[in-house]
Amino acid sequence: MKYQSKIVGLGPDALAFLEDEDMNFIIIFNEDAPPELAELSVLHTKAELKEDPAVGDTLKIGNKEFKVSAVGWEAPHTWAELGHCTLDFKGGSEAERPGCISLEGNQLTAEDLAVGGVIELY
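The text that follows walks through the structure, step by step, so that each part is easy to find. (Residues numbered from 1 in each chain as written. Predicted model: local features only at pLDDT ≥ 70, side-chain atom pairs only at ≥ 80, totals over all residues. Heavy atoms only, no water.)

## Brief notes about the side chain of T58
Right, on to step 1. Relative to the elements of secondary structure, T58 occurs in strand β4 (residues 58-61).
Right, on to step 2. For T58, a relative accessible area of 8% puts it in the buried group. (Helix = DSSP H or I, 4+ residues; strand = E, 2+ residues; numbered from the N terminus. Buried < 20%, exposed > 50% of the residue type's maximum accessible area, 1.4 Å probe, protein only.)

## Quick look at the state of the cysteines
Right, on to step 1. A complete count under the given rule lists zero disulfides for this structure.
Right, on to step 2. We note that C85 lacks a disulfide partner, and the nearest cysteine sulfur, in C100, lies 7.9 Å from it.
Right, on to step 3. Overall, C100 belongs to the buried group, its relative accessible area being 0%. (Disulfide = S-S within 2.5 Å.)

## What about the packing of aromatic side chains?
Right, on to step 1. Applying the stated criterion across every chain yields a total of three aromatic pairs.
Right, on to step 2. Relative to F25, the ring of F17 has its centre 4.7 Å away and its plane inclined at 15°; by these criteria the two rings are stacked.
Right, on to step 3. Under the relative-accessibility criterion, F25 is labelled buried at 10%.
Right, on to step 4. Stacked on the ring of F25, the Lys or Arg R97 has its end atom at 4.9 Å from the ring centre. (Phe/Tyr/Trp six-rings, centres within 6.5 Å; stacked < 30°, edge-to-face > 60°. Lys NZ or Arg CZ within 6 Å of the ring centre and 35° of its normal.)

## Notes on helix α2 (residues 75-82)
Right, on to step 1. Along α2, the residues classified as buried are A75, P76, T78 and W79.
Right, on to step 2. Phi turns positive, to about 65°, at G83, one or two residues after α2.

## Looking at the nonpolar core
A general trend in soluble globular proteins is that nonpolar side chains are found buried together.
Right, on to step 1. Core analysis: the biggest nonpolar cluster contains 24 residues, and I26, I61, W79, L87, F89 and L113 have the highest contact counts within it.
Right, on to step 2. Setting aside chain neighbours within four positions, we find I26 in contact with A14, L18, V42, I61, C85, T86, L87, F89, L108 and L113. (Core = buried A, V, L, I, M, F, W, Y, C linked by side-chain atoms within 4.5 Å. Contact = heavy atoms within 4.5 Å.)

## Re the sheet that holds strand β8 (residues 118-121)
Right, on to step 1. If you trace the eight strands once around the closed barrel, you get β1-β3-β2-β6-β7-β5-β4-β8, paired in mixed fashion. If you compare each strand with its neighbour and ignore which way they point, the axes differ by 35° on average.
Right, on to step 2. Pairing analysis gives three bridges linking strand β6 (residues 85-88) to strand β7 (residues 100-105), with the strands arranged parallel. From the neighbouring strand, T86 faces β7, where its bridge partner is C100.
Right, on to step 3. Contacting β1 (3-10), β2 (25-30), β4, β5 (64-71), β6, β7 and β8, α2 runs over the sheet at an angle of about 40° to β2. (Pairing = 2+ DSSP bridges. Axes fitted to C-alpha atoms, helices over the stretch in contact; angles between N-to-C directions.)

Next up, the structure:
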């Protein structure tokens, strides 16, 4: 297990990017995110990122699993320091932005992001 955390809240605009199929991403952040960033984020408990995310890893959100297909160069640092990165569900072999992790798998829904649900990387 590289990472394990629990979802503790959703900012009022946390699902806006997920619901737009051209964007199809969420932003995660530690629960102590600044208010202006918390509004856009899925907030989770602070936890240690024990090992950098890598292509081929599995990321679990709630009960859904996704395969990591690309990791932006900045994502491991911001995740370790702030619990922050963009999780992009469009897949692909290159991250769209430096702080982005690309994922492949089933469609993530609002129901998958329930408070008390897990975010795990292994």
